[in-house]
Amino acid sequence: MKASIHPSAKIADNVSLGPGVIIGEEVEIGEGTEIGPYSVISARTKIGRNNKIGPFVSIGFPPQHLACKGENTYVEIGDENIIREYVSIHRGTTLDDGLTRIGNRCFIMAYAHIGHDCKLADEIILTNNVNLGGHVKIDRGAVLGGGAMVHQFCRIGELAFVSGLSGVDKDVPPFVRVFGIPAKIAGLNLVGLRRAGFASASIKVLNRALKIFLREGTIKEALQKIKLEYPHEEVIEKFVTFVGGESKRGVIRKFLSE
């Protein structure tokens, strides 16, 4: 069975399309990308170069939101991503900026769902059956374990680790590991930090900052103390900027043992 391609689609010459693939209107697919059998790239989706997309994947379908009435919204996917079988990625909504975006070199495993208006940075791993509600934002290098669920509008910080089967209902600070329903902080993501090349000194500083954040007064008071102790540490600046930034759900501040 040959692939079905809409006349408005723009497909690079060396794209590989498996049998039964359907490519909808206003779809663009870059060089070297492979799309497995019976996947559907529905509409208004731009996919970059050298992506490997498995069979039975659904990308670019309308958002699962009752307020949406078929508006022209979009999906953008960068380069060198691996998207495995039965993944679903929905278009954005006019309730946000109309765009669901995935960066580069992400690994999205089987049955994961990425809801409308989500924004994923580079080198993110979503393990099997991860589900992201709408408007979720995930920073570089974060890893979500199998079966993790993330509530709409939550943010997940750089190099954070969400343990499998966790339920995230608030923002996850960068560099930490969380577990449980609702998710609580279990400490730093030491494995991820070391794999990313963080020096022991930086990890020690982050560990001290995390203890202050969890124990000292209000969030504002804790961040002020962290900035006073470490005014010139780049990793601390990232932590403080994230935690002190705009949040619609609040930030996880409970330790797992509590």
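The structure this text deals with has already been given above.
Here is what the cut-offs are and how they apply
Chains are numbered independently. Their residues run from 1 in the order of the written sequence. In keeping with the model being predicted, local features are shown solely for residues with a pLDDT of at least 70 and side-chain atom pairs are shown and tallied solely at 80 or more, while totals for entire chains, interfaces and linings include all residues. The side-chain quantities take in all heavy atoms of the structure and omit both hydrogens and water. Each residue is assigned to one of three classes by its accessible area relative to the maximum for its type, calculated with a 1.4 Å probe on protein chains only: buried under 20%, partly exposed between the two thresholds, exposed over 50%. Secondary structure elements follow DSSP: runs of H or I no shorter than four residues count as helices, runs of E no shorter than two count as strands, and numbering proceeds from the N terminus. Strand pairing is defined by DSSP finding a minimum of two bridges between the two strands. When the centres of two rings from Phe, Tyr and Trp lie within 6.5 Å, Trp using its six-membered ring, the rings pair. Their planes under 30 degrees apart give stacked, over 60 give edge-to-face, and anything left gives tilted. Whether a charge lies above a ring is judged from NZ of Lys or CZ of Arg, which has to be within 6 Å of the ring centre and within 35 degrees of the ring normal. A helix's residues, less one, multiplied by 1.5 Å, set its expected span. Contacts are assigned to residue pairs that have any heavy atoms within 4.5 Å of one another. Axes here mean lines fitted to C-alpha atoms, for a helix over just the part in contact, with angles spanning 0 to 180 degrees between N-to-C directions. Reported orientations rely on four angle classes, namely roughly parallel under 35 degrees, roughly antiparallel over 145, roughly perpendicular from 65 to 115, and oblique for the rest. Crossings are classed by handedness, with left-handed meaning an anticlockwise turn of the near helix from the far one by less than a right angle and right-handed meaning a clockwise turn.

Chemist: Looking at this structure, how should I read the pairing of strand β11 (residues 74-77)?
Modeler: Strand residues, when the strand is regular, have side chains that alternate between the two faces of the sheet. Where burial is concerned, the two faces of β11 differ: the one with Val-75 and Ile-77 is buried and the one with Tyr-74 and Glu-76 is not. Pairing of strand β8 (residues 45-47) with β11, which is carried by three bridges, proceeds in the parallel orientation. Of the residues in β11, the one forming a bridge with Thr-45 is Val-75.

Chemist: What should I look at first to understand the sheet that holds strand β13 (residues 88-90) in this one?
Modeler: Sheets are built from strands that pair by backbone hydrogen bonding, the pairs being arranged parallel or antiparallel. With parallel pairing, nine strands are arranged side by side in an open sheet as β1-β4-β7-β10-β13-β16-β19-β22-β25. The sheet terminates laterally at β1 (4-5) and β25 (167-168), the two strands that pair on one side only.

Chemist: Teacher, can you tell me more about the packing of aromatic side chains here?
Modeler: Both the distance between ring centres and the angle between the ring planes are used here to describe each pair of aromatic rings. Using the criterion set out here, one finds five aromatic pairs in the structure. Relative to Phe-239, the ring of Phe-213 has its centre 5.5 Å away and its plane inclined at 85°; by these criteria the two rings are edge-to-face. Residue Phe-213 is located in helix α2 (residues 200-215), and its partner Phe-239 is located in helix α4 (residues 234-243); the two are separated by 26 residues in the primary sequence. Summarising the burial analysis for this pair, Phe-213 and Phe-239 share the class buried. By way of ring pairs, the aromatic residues Tyr-38, Phe-56, Tyr-86 and Tyr-111 are connected into one cluster. Directly above the ring of Phe-242 sits Arg-155, whose terminal nitrogen or CZ lies 4.0 Å from the centroid.

Chemist: I tried to follow α2 on my own but got confused; where do I start?
Modeler: Think of an α-helix as turning once every 3.6 residues; residues three or four places apart then point the same way. Helix length check: α2, at 16 residues, gives a terminal C-alpha distance of 23 Å against a target of 22 Å (1.5 Å per residue), a fit within 8%. For α2, every residue scored as buried is listed here: Ile-203, Val-205, Leu-206, Ala-209, Leu-210, Ile-212, Phe-213 and Leu-214. Buried residues along α2 sit against β26 (176-179), β27 (184-188), α1 (190-195), α3 (219-229) and α4. Gly-217 sits one or two residues past α2 and shows a positive phi near 55°.

Chemist: I keep staring at the packing of α2 against α3 and nothing clicks. Help me out?
Modeler: Each packed pair of helices is defined by two parameters, the angle between the axes and the distance between the axes. Where α2 contacts α3, the axes come no closer than 8 Å and their chain directions differ by 155°. Here α2 is positioned roughly antiparallel relative to α3, judged by the angle of their axes. Here α2 and α3 pass one another in a crossing that is right-handed. Along its contact with α2, which presents Arg-208, Ala-209, Ile-212 and Phe-213, the element α3 presents Ile-219, Ala-222, Lys-225, Ile-226 and Glu-229.

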